[in-house]
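This is what each chain is made of:
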Amino acid sequence: MKAQHERHENAVLKAENEKLCAENMRYKEALGNASCPNCGGPAALGEMSFDEQHLRIENVRLREEIDRLSGIAAKYVGKPLSSYSQLPTHVPSRSLDLGAGNFGAQSGFVGEMYGGSNDLLRSISGPTEADKPMIVELAVAAMEELIRMAQGGEPLWFACDNSAEILNEEEYLRTFPRGIGPKPLGLKSEASRESVVVIMNHINLVEILMDVKRWSSVFCGIVSRAMTLDVLSTGVAGNYNGALQVMTAEFQVPSPLVPTRENYFVRYCKQHVDGIWAVVDVSLDNVRPSLISRSRRRPSGCLIQELPNGYSKVVWVEHVEVDDRAVHSMYRPLLNSGLAFGAKRWVATLDRQCERLASSMASNIPAGDLCVITSTEGRKSMLKLAERMVMSFCTGVGASTAHAWTTLSATGSDDVRVMTRKSMDDPGRPPGIVLSAATSFWIPVPAKRIFDFLRNENSRREWDILSNGGLVQEMAHIANGSNPGNCVSLLRVNSANSSQSNMLILQESCTDSIGSYVIYAPVDIVAMNVVLSGGDPDYVALLPSGFAILPDGPGLNGGGIHEVGSGGSLLTVAFQILVDSVPSAKLSLGSVATVNSLIKCTVERIKSAVMCENS
């Protein structure tokens, strides 16, 4: 029986061996008849490496994907599409099916309260029918580039002493020789990569990035204005997988001394086979050769990976080319360090905002919240009011082209800038003439110390002229982050003069690894009582003022703070004052002089107080 069993096994193995030999012969014949996918001629297999064969096959697959996407774009044109130039052979491909849709322009102009001039962003219209196939090609190539930029290591990226990563530009050009073309003259490259784990699930993150209003709101400190001009695809299967949007956006640093960066780009979202979502932006300057821009986005964006318990890992890549010669010298070390517009700032803002959103959705009132807030509805209303206040401040403090800043050189100062606007028919703002004033300056004190000083109600009377030396008491406190500095407070100023009524101030302070804000606005007592009981906060009139605090650079100098870039702070102070309750009234020079004196006096008080404390 044993011998019979072994003979049977031997016969099975012989048959399997013959089968493998026959299959091997078929493969040899197939390889002998193989043709080059580009030219159709015989493939020189002996001279072609395995990697090169693989890349050629991947390129064919990529062309198939673009052809499918171009079919969607053809619906807009109504005729067959002409063939476009061959994309780089190194770009790998993955299949993609898109649904098509055409929605009107969707505005995310958080700062539209200021009105605006005929600037670049407002003058751009949506893409023409002939442009759409080319936009599809750019988006697909940009997605593949982003994935390789986010996942690649050396020699594409190499680490620095301060744990930051620097892009090897020579290696980048070798890896991505085509892209959106060579760097224009006068522009310099900025590239950075950063990762973070945030308390938000991957689907919610994708929805925020693909909704221009929510994206502008979450990143209001960086995005001063944004608009969706056209939607080439809404995605498939009820989500944003395959969504394509043509957009404009303006990116800022919270200071009138740093010019904003305006971009016209396509945003493409895709879910990959490994469950990772990716959202990429790439500039469309090549589609509009007549468009003159001081900055453009090479493939930039993020990869989002789902983690347990509602968390997500985000890898962010920022890669831009920009003309930054108009930046004030005081802010140059900050820009050169990559902290002003780089991936580190985007990631820090996202992490802080995810904590804030998680706090706003809490169903219980944490023990740290003061008892003036008696319901979860009141807590949510107060957080919503504070969010509107922060957005209003952030979009009004930068150098947006929608703002007509005027420098007050006539008063002997070249650093205070003012602008006026008329407020009418808006329940969220008091009617009349509003005068805004802002100034930025360097101070040789670490940013954290300034932040702690400005947010502390006990030190408020040292700098706040409007509190008139009165005692400031915290009536309500909502923690909205793991850092104790991230909170919303309701302050009561008990006037030192018994003939004056007490004043209520809504304040939000927020901080992350890059910058900090302390933003506040006087609020009406009756209106605030409605909010605390869960009423609609949209009808509370606000004119926010406050401070934006940034480091003056990477802060690597261990020898003391003696100059810009050595570990000090860049502080921007901004006020909004209602100078006349009649919108048709004319602004008087006396009002401008009063606001100028107010802001300069505040600056001097802050300098005196923090320098004294620092010494």
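Conventions we followed
Residues numbered from 1 in each chain as written. Predicted model: local features only at pLDDT ≥ 70, side-chain atom pairs only at ≥ 80, totals over all residues. Heavy atoms only, no water. Helix = DSSP H or I, 4+ residues; strand = E, 2+ residues; numbered from the N terminus. Buried < 20%, exposed > 50% of the residue type's maximum accessible area, 1.4 Å probe, protein only. Contact = heavy atoms within 4.5 Å. Areas by Shrake-Rupley, 256 points an atom, 1.4 Å probe, with all protein chains shown as cover. Pairing = 2+ DSSP bridges. Salt bridge = Lys/Arg side-chain N within 4 Å of Asp/Glu carboxyl O. Core = buried A, V, L, I, M, F, W, Y, C linked by side-chain atoms within 4.5 Å. Axes fitted to C-alpha atoms, helices over the stretch in contact; angles between N-to-C directions. Parallel < 35°, antiparallel > 145°, perpendicular 65-115°, else oblique. Nonpolar A, V, L, I, M, F, W, Y, C, P; charged D, E, K, R; others polar. pLDDT = per-residue confidence, 0-100. Polar contact = N/O pair within 3.5 Å; in protein donor to acceptor, adjacent residues only side chain to side chain. Phe/Tyr/Trp six-rings, centres within 6.5 Å; stacked < 30°, edge-to-face > 60°. Lys NZ or Arg CZ within 6 Å of the ring centre and 35° of its normal. Disulfide = S-S within 2.5 Å. Arc of directions from axis to C-beta. Patch = residues over 30% accessible without salt bridge, like charges linked within 9 Å, V, L, I, M, F, W, Y side chains within 5 Å.

J.: How would you summarise the overall build of the chain if you had to cite specific residues and measurements?
T.: Each helix and strand in the chain was counted, giving 13 helices and 20 strands. Each of the 615 residues in the chain was classed as buried or not, and the buried ones make up 51%. Of the contacts formed within the chain by residues at least 6 apart in sequence, a portion of 68% connects residues at least 24 apart. Split by element, the accessible area of the chain, about 27900 Å² in all, is 53% carbon and sulfur.

J.: Lay out the pairing of strand β5 (residues 223–233) with the relevant residues and their values.
T.: Of all 11 residues making up β5, 11 are buried, and the element is well covered by its neighbours. Relative to strand β6 (residues 244–251), β5 is paired through eight bridges, and the arrangement is antiparallel. By the bridge assignment, M227 is partnered in β6 with T248.

J.: Got a sec to walk through the pattern of salt bridges? Specific residues and values, please.
T.: When the charged atoms of two side chains with opposite charge come close together, those side chains can pair. Across all of its chains, the model carries 21 salt bridges by this definition. Several salt bridges share partner residues, and in doing so they unite R267, D281, R297 and E318 into one network.

J.: Account for the nonpolar core, naming residues and giving values.
T.: Residues W215, F219, V314, W316 and Y331 are the most contacted members of the largest nonpolar core, which totals 47 residues. Listed in part, the 35 residues of the second largest apolar core include V280, V282, L284 and L303.

J.: Give me the sheet that holds strand β14 (residues 432–443): which residues, what numbers.
T.: With antiparallel pairing, nine strands are arranged side by side in an open sheet as β12-β13-β14-β20-β19-β18-β17-β16-β15. Edge strands, defined here as strands with exactly one partner in the open sheet, are β12 (406–407) and β15 (471–479). Docked against the sheet, helix α10 (residues 376–397) engages β13 (417–423), β15, β16 (487–494), β17 (503–511), β18 (516–523), β19 (545–551) and β20 (569–580), running at close to 70° with respect to β17. On top of the sheet, helix α12 (residues 525–532) reaches β16, β17 and β18; it is set at about 55° to β17, its chief contact.

J.: Go over unusual backbone geometry with me, naming the residues and quoting the values.
T.: It is generally the case that most residues other than glycine have a negative phi and that most peptide bonds are trans. Cis geometry is adopted by the peptide bond preceding P155, which originates at E154 and carries an omega value of 5°. Locating P155 in the fold gives a position in the loop between α4 (132–151) and β2 (157–159). Positive phi values are uncommon outside glycine, yet N309 reaches one of about 60°. In this structure, N309 sits in the loop between β10 (300–306) and β11 (312–322). Accessibility expressed as a relative area gives 74% for N309, which makes it exposed.

J.: Could you give an account of the packing of helix α9 (residues 343–360) against α10, with specific residues and numbers?
T.: Look at α9 against α10: their axes get within 10 Å of each other, and the N-to-C directions meet at 150°. Regarding the angle of α9 to α10, the classification is roughly antiparallel. Residues R356, S359 and S360 of α9 pack against R379, K380, L383, A386 and E387 of α10. Counted by class, the contact of α9 with α10 contains two nonpolar, two polar and four charged residues.

J.: Before we move on, could you go through the packing of α10 against α12 and cite the residues and values that matter?
T.: At a minimum axis distance of 7 Å, the contact between α10 and α12 shows a crossing angle of 125°. In terms of orientation, α10 and α12 fall into the oblique class. Residues G378, S381, M382 and L385 of α10 form the contact with α12, whose own contacting residues are M528, V531 and L532. Looking at the contact of α10 with α12 residue by residue, the class counts come to five nonpolar, two polar and no charged.

J.: Requested: an account of the confidence of the model for the chain, with residues and values cited.
T.: Summarising the model, the chain shows a mean pLDDT of 79, and 77% of its residues fall at 70 or more. For the stretch residues 42–47, pLDDT sits under 50, and the model shows nine contacts to residues farther than four places along the chain or on other chains. Taken as a whole, residues 73–118 scores under 50 in pLDDT and shows 145 contacts with residues more than four places along the chain or in a different chain.

J.: Residue-level account of helix α6 (residues 202–210), with values.
T.: All of the buried residues in α6 are H202, L205, V206, I208, L209 and M210. Near the N-terminus of α6, the side chain that reaches the backbone nitrogen of I203, with its oxygen 3.0 Å away, is that of N201.

J.: Please set out the packing of aromatic side chains residue by residue, giving values where relevant.
T.: For any two aromatic rings, the description comes down to two numbers: the centre-to-centre distance and the angle of the planes. Taken as a whole and assessed by the stated rule, the structure comprises 10 aromatic pairs. Measuring from ring centre to ring centre gives 5.0 Å for W463 and F547, while their planes differ by 85°; the resulting arrangement is edge-to-face. You can see W463 sitting in the loop between α11 (447–455) and β15 and its partner F547 sitting in strand β19, a full 84 residues away along the chain. Members of the aromatic cluster, joined through ring pairs, are W215, F219, F251, W316 and W346. Above the face of the F341 ring, R261 is positioned so that its terminal group lies 3.9 Å from the ring centre. Here the guanidinium or amino end of R460 rests over the ring plane of Y520, the centre of that ring lying 4.4 Å away.

J.: So what's going on with the pairing of β11? Which residues, and what values?
T.: For β11, the tally of buried residues reaches 10 of 11 residues, placing the bulk of the element in the interior. In this sheet, β11 lies alongside strand β4 (residues 188–198) in antiparallel orientation, the contact comprising 11 bridges. Looking at the pairing, S192 lines up with E318 of β11. Summarising the sheet, strand β9 (residues 295–297) and β11 pair through three bridges and their orientation is antiparallel. Bridge pairing in β11 places S295 opposite V322.

J.: A description of the environment of A340 should follow, citing residues and the corresponding values.
T.: Turning to its location among the elements, A340 is positioned in the loop between α8 (332–336) and α9. When the C-alpha atoms of A340 and P254 are compared, they prove to be 9.6 Å apart, with 86 residues separating the residues in sequence. Aside from chain neighbours lying at most four places away, what touches A340 is V253, L334, L335 and R345.

J.: Describe in detail the state of the cysteines, supporting the description with residues and values.
T.: Enumeration according to the criterion identifies zero disulfides in this entry. For C510, which is in no disulfide, the shortest distance to another cysteine sulfur is to C394 and amounts to 7.0 Å. Exposure remark for C510: the relative accessible area of 6% places this residue in the buried category.

J.: Give me the lowdown on α12, citing residues and values where you can.
T.: Taken as a whole, α12 has its buried residues at A527, M528, V531 and L532. All buried residues of α12 fall inside an arc of 140° around its axis, so they share one side. Buried positions along α12 lie against α10, β16, β17 and β18. Sitting at the amino-terminal end of α12 is D524, which places a side-chain oxygen 3.2 Å from the backbone nitrogen of V526. At the exit of α12 stands G534, carrying a positive phi of roughly 95°.

J.: So what's going on with a nonpolar patch on the surface? Residues and values would help.
T.: Taken together, the side chains of V197, I199 and Y311 make up a nonpolar region of the molecular surface, amounting to roughly 240 Å² of accessible area. By the element assignment, I199 lies in the loop between β4 and α6. On the basis of relative accessibility, which here comes to 35%, the residue I199 falls in the partly exposed class.

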